[in-house]
Amino acid sequence: MAGKLLVPIDLVQESSWRKALPQAFALAGATAADVTIMTVVPEIMAGLDWRYSIRGETGGSEELKIDDLLQRARARLQEIGVDYAPEDVEFDLIARYGTVYEEILNVADELPATQIVMAAHRPSLSDYLIGPNTARVVRHATCSVQVVRD
């Protein structure tokens, strides 16, 4: 089953890629699928900037440079991908800005992905839970979703 695997990760939570990336690369090796690693810069950053500037705590709102954030996110994705990809295996990178689960679903449809491989949750949550973004992706994805537990 050659296809496209989408691996969404959270750049600040190593648990989101520590097991998911090796699993995705192993699956890609067995099926000749292409791997796309993605991250989403959450939209809430703009909301926080706006609220603080309204209260006068920041001395005004500096324009949020989304392109700079996305460029840094892509650079970090590249570092992580190189650390986990087998030698001579290529992968694609996508960084988006917005609501996490919506952007994951959008990218999955755009590729189109044959499977999404993602972590279950952050380790601080109880073992029987999956995070809200993972749960929404599982419910609404039009392709298979493999949830990798830490």
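Above this text is the structure in question.
This structure is a prediction, so every number in the text was calculated from the model and none was measured.

Peer 1: Could you clarify how one ought to interpret the overall build of the protein in this entry?
Peer 2: Helices and strands together make up the secondary structure of the protein, namely 5 helices and 5 strands. When the helices and strands of the protein are read in sequence order from the N terminus, they spell out β-α-β-α-α-β-α-β-α-β. Across the 150 residues that make up the protein, the buried fraction comes to 38%. Accessible surface computed for the protein: about 8,700 Å², of which carbon and sulfur atoms make up 49%.

Peer 1: Explanation requested: the nonpolar core in the structure shown.
Peer 2: The nonpolar side chains of a soluble globular protein tend to be buried, and buried together. Val7, Ile9, Leu21, Phe25, Val35 and Ile37 are the most contacted members of the largest nonpolar core, which has 18 residues in total. Secondary structure elements with two or more residues in this core: β1 (4-8), α1 (20-31), β2 (34-42) and α3 (66-84). The element best represented in this core is α1, accounting for 5 residues. The residues contacting isoleucine 37, other than those within four sequence positions of it, are Val7, Ile9, Leu21, Phe25, Leu77, Gly81, Phe91, Asp92, Leu93 and Ile94.

Peer 1: Is there a simple way to think about the pairing of strand β4 (residues 115-119) in this case?
Peer 2: In summary, the side chains of a regular strand alternate between the two faces of the sheet. Along β4, 5 of the 5 residues are buried, which leaves the element largely enclosed by surrounding structure. Burial along β4 is two-sided: the face carrying Gln115, Val117 and Ala119 and the face carrying Ile116 and Met118 are both buried. Judged from the 2 bridges that link them, β1 and β4 form a sheet pairing that is parallel. Paired with leucine 5 across the bridge in β4 is glutamine 115. Note that β4 and strand β5 (residues 144-148) share 5 bridges and pair parallel.

Peer 1: Would you explain the packing of aromatic side chains in this entry?
Peer 2: Working definition: an aromatic ring pair is given by the centre-to-centre distance plus the angle between the planes. Evaluation of the coordinates by the stated rule reveals 1 aromatic pair. Here phenylalanine 25 and phenylalanine 91 contribute two aromatic rings whose centre-to-centre distance is 6.1 Å and whose plane-to-plane angle is 70°, an arrangement assigned as edge-to-face. Taken as a pair, phenylalanine 25 in helix α1 and phenylalanine 91 in the loop between α3 and β3 (92-98) lie far apart in primary sequence, 66 residues in all. Exposure class is identical for phenylalanine 25 and phenylalanine 91. Each is buried.

Peer 1: Would you explain helix α4 (residues 100-110) in this entry?
Peer 2: The periodicity of an α-helix, 3.6 residues per turn, causes residues three or four places apart in sequence to face the same way. Those residues of α4 lying buried are Tyr101, Glu103, Ile104, Leu105, Val107 and Ala108. The elements touched by buried residues of α4 are β1, β2, β3, β4 and α5 (132-140).

Peer 1: Would you explain the pattern of salt bridges in this entry?
Peer 2: Once the charged atoms of two side chains with opposite charge are near each other, the side chains can pair. A complete count under the given rule lists 3 salt bridges for this structure. With a closest N to O distance of 3.1 Å, arginine 76 and glutamate 79 form a salt bridge. Taken as a pair, arginine 76 and glutamate 79 lie in helix α3 at a separation of 3 residues, close to a single helical turn. Under the relative-accessibility criterion, arginine 76 is labelled partly exposed at 31%. Here glutamate 103 ties to arginine 96 by a salt bridge, and the two come within 3.3 Å at their closest N and O atoms. Here arginine 96 falls in the partly exposed class, since its relative accessible area comes to 22%.

Peer 1: Honestly, a negative patch on the surface in this entry has me stumped. Any pointers?
Peer 2: Taken together, Asp34, Glu87, Asp88, Glu90 and Asp92 make up a surface patch of like negative charges. Along the chain, the position of glutamate 87 falls in the loop between α3 and β3.

Peer 1: Looking at this structure, how should I read the environment of leucine 111?
Peer 2: In this structure, leucine 111 sits in the loop between α4 and β4. Sequence separation between leucine 111 and leucine 5 is 106 residues; the distance between their C-alpha atoms is 9.2 Å. Ignoring anything within four residues of it in the chain, the contact list for leucine 111 reads Lys4, Leu6, Thr36 and Ile94.

About the cut-offs
- Residues numbered from 1 in each chain as written.
- Predicted model: local features only at pLDDT ≥ 70, side-chain atom pairs only at ≥ 80, totals over all residues.
- Heavy atoms only, no water.
- Helix = DSSP H or I, 4+ residues; strand = E, 2+ residues; numbered from the N terminus.
- Buried < 20%, exposed > 50% of the residue type's maximum accessible area, 1.4 Å probe, protein only.
- Areas by Shrake-Rupley, 256 points an atom, 1.4 Å probe, with all protein chains shown as cover.
- Core = buried A, V, L, I, M, F, W, Y, C linked by side-chain atoms within 4.5 Å.
- Contact = heavy atoms within 4.5 Å.
- Pairing = 2+ DSSP bridges.
- Phe/Tyr/Trp six-rings, centres within 6.5 Å; stacked < 30°, edge-to-face > 60°.
- Salt bridge = Lys/Arg side-chain N within 4 Å of Asp/Glu carboxyl O.
- Patch = residues over 30% accessible without salt bridge, like charges linked within 9 Å, V, L, I, M, F, W, Y side chains within 5 Å.
- Lys, Arg positive; Asp, Glu negative; His and termini not counted.
- Charge placed at Lys NZ, Arg CZ, Asp CG, Glu CD.

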